Amino acid sequence: LSTRHSPEFTSIELYQAYADYTDMMTLTEKLVCGAAQQVCGGLELTYQGTKVDLKMPWRRESMSGIVKEATGFDFSLLENTLEGLQEARLVADRHEVPECMTASSVGEVLNLCFEHLCEHTLVQPTFVTDYPIEISPLAKPHRTKPGYVERFEVFVVGRELANSFSELTDPVDQRRRFEAQAKQAGGDDVIDEEFLNALEHGMPPPEEWALGHRSSRHAPYRLTLYPRRDRFPSPQEG
């Protein structure tokens, strides 16, 4: 159970052909700042006593860079080998990151460190970029960083506001990732053959973008950033 998640729908979602995640960062800034200016009359807001400055440009930093600030260790220097995984686990364990010793890749350990050590500290608008490939099965590989993908999430007051990534259009790579996911899930995941067939016929490289993704999928919550329990009755409350 969570006060920050709702499974119904995203507030806004779009796809743009021949765009990449850098284009979507610009779109995100303009859309959010434009809405704040119209609704709130300015870009300097106060949320539960915390001042938030939405003025552009927003900070942009890789996930490994943000985790390095918290741990003093650069995960991007590790190779995804058994030795690299062991070193990543030890670093995370020293910082008391839960479940790190059972993670199966360096990228998974990096993501755990980010979620437990860093996410809640991102008060001012921040684009967290370059996610590990293991947690982004539909995203295109990064053009210069092996093991990472071209994806970002925006965080404000410690919560996710938006998510975007360059869509993977390589059917061979996509099948490989689906098979790896199914194997990790013990064979319970069904591979989407229709989707793979569509990729094999070819499609233009698109960018996917969603506002309100995961943190909440209800517009009233997204506009206020209150926990869902404060906005919508739970089943126990009737």
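Residues numbered from 1 in each chain as written. Predicted model: local features only at pLDDT ≥ 70, side-chain atom pairs only at ≥ 80, totals over all residues. Heavy atoms only, no water.

Engineer: Mind showing me how you'd approach the state of the cysteines here?
Structural biologist: Think of a disulfide as a covalent bridge from one cysteine sulfur atom to another cysteine sulfur atom. Enumeration according to the criterion identifies zero disulfides in this entry. Of all cysteine sulfurs in the structure, the one in Cys100 sits closest to Cys113, which takes part in no disulfide; the separation is 7.0 Å. (Disulfide = S-S within 2.5 Å.)

Engineer: Is there a simple way to think about the sheet that holds strand β1 (residues 12-17) in this case?
Structural biologist: Hydrogen bonding along the main chain pairs the strands of a sheet, whether they run parallel or antiparallel. Across the sheet, six strands lie side by side as β1-β8-β7-β6-β5-β4; this open sheet has mixed pairing. Each edge of the open sheet is held by one strand with a lone partner, namely β1 and β4 (59-62). Mean inter-strand twist for the sheet, computed between neighbouring axes without regard to direction, equals 20°. Where β4 and strand β5 (residues 126-132) come together, four bridges link them in parallel fashion. Opposite Ser62, over in β5, you have Thr129 as the bridge partner. The strands touched by helix α1 (residues 21-40) are β1, β4, β5, β6 (148-156), β7 (159-166) and β8 (206-211); relative to β8, the strand with the most contacts, the crossing angle is about 30°. Together, β4, β5 and β6 form the strand contacts of helix α2 (residues 63-71), whose direction differs from that of β4 by roughly 85°. (Pairing = 2+ DSSP bridges. Helix = DSSP H or I, 4+ residues; strand = E, 2+ residues; numbered from the N terminus. Axes fitted to C-alpha atoms, helices over the stretch in contact; angles between N-to-C directions. Contact = heavy atoms within 4.5 Å.)

Engineer: Could you clarify how one ought to interpret helix α4 (residues 106-118) in this entry?
Structural biologist: The periodicity of an α-helix, 3.6 residues per turn, causes residues three or four positions apart to be oriented the same way. With 13 residues, α4 extends 17 Å from end C-alpha to end C-alpha; this agrees with the ideal 18 Å at 1.5 Å per step. Of all 13 residues in α4, eleven are buried, a share of seventy percent or more. Taken together, the buried positions of α4 are Val106, Gly107, Glu108, Val109, Leu110, Asn111, Leu112, Cys113, Phe114, Leu117 and Cys118. Structurally, α4 contributes buried residues whose contacts are with α2, α3 (82-94), β5, β6 and α5 (171-184). (Expected span 1.5 Å × (residues − 1). Buried < 20%, exposed > 50% of the residue type's maximum accessible area, 1.4 Å probe, protein only.)

Engineer: In this structure, what is going on with the environment of Ala36? I would like to understand it.
Structural biologist: You can see Ala36 is positioned in helix α1. Its relative accessible area of 8% is what places Ala36 among the buried residues. In sequence terms Ala36 and Leu54 are 18 residues apart; their C-alpha atoms lie 8.3 Å from each other. Apart from residues lying up to four places away in sequence, Ala36 is in contact with Gly41, Gly42, Leu43 and Leu54.

Engineer: Please clarify how the side chain of Glu150 should be interpreted in this entry.
Structural biologist: Checked against the element boundaries, Glu150 lands in strand β6. Those residues in contact with Glu150 that lie beyond four places of it in its chain are Tyr21, Lys140, Pro141, His142, Arg143, Phe165 and Ser166.

Engineer: Please explain the pattern of salt bridges as it appears in this structure.
Structural biologist: Two side chains of opposite charge can pair, provided their charged atoms sit close to one another. As enumerated under the stated definition, the model contains eleven salt bridges in all. When the shortest N-O distance is used, the salt bridge between Asp130 and Lys145 registers 2.7 Å. You can see Asp130 sitting in strand β5 and its partner Lys145 sitting in the loop between β5 and β6, a full 15 residues away along the chain. You can call Asp130 buried: its relative accessible area is 5%. Classification of Lys145 as partly exposed rests on a relative accessible area of 33%. (Salt bridge = Lys/Arg side-chain N within 4 Å of Asp/Glu carboxyl O.)

Engineer: Just checking my understanding: could you explain the packing of α2 against α4 for this structure?
Structural biologist: When two helices pack together, their arrangement is given by the angle between the helix axes and by the axis-to-axis distance. Their axes nearest at 9 Å, the elements α2 and α4 cross at an angle of 55°. Relative to α4, the element α2 is oriented oblique. In this structure, α2 meets α4 at a crossing whose hand is left-handed. Contact residues: Met63, Ser64, Ile66, Val67, Ala70 and Thr71 in α2; Leu110, Asn111, Cys113, Phe114, Leu117 and Cys118 in α4. By residue class, the composition of the contact of α2 with α4 is nine nonpolar, three polar and no charged. (Parallel < 35°, antiparallel > 145°, perpendicular 65-115°, else oblique. Left-handed = near helix turned anticlockwise from the far one by under 90°. Nonpolar A, V, L, I, M, F, W, Y, C, P; charged D, E, K, R; others polar.)

Engineer: What is the right way to look at α2 in this model?
Structural biologist: Turning to α2, its buried residues are Met63, Ser64, Gly65, Ile66, Val67 and Thr71. Lining the buried residues of α2 we find β4, α3, α4, β5 and β6. Just past α2, the residue Gly72 takes up positive phi, approximately 80°.

Engineer: Honestly, the confidence of the model for the protein in this entry has me stumped. Any pointers?
Structural biologist: Caution applies to low-pLDDT regions: their predicted coordinates should not be interpreted in detail. Scored by pLDDT, the protein has a mean of 86; 84% of the residues are at 70 or more. Every residue in residues 213-238 is under pLDDT 50, and counting partners more than four places away or in other chains gives 65 contacts. (pLDDT = per-residue confidence, 0-100.)

Engineer: Sorry if this is basic, but what is going on with the pairing of β5 here?
Structural biologist: Successive side chains on a regular strand alternate, one facing one side of the sheet and the next facing the other. Most of β5 sits out of view: seven of its seven residues are buried. Pairing geometry for β5 and β6, over six bridges, is antiparallel. By the bridge assignment for β6, Tyr131 is matched with Val149.

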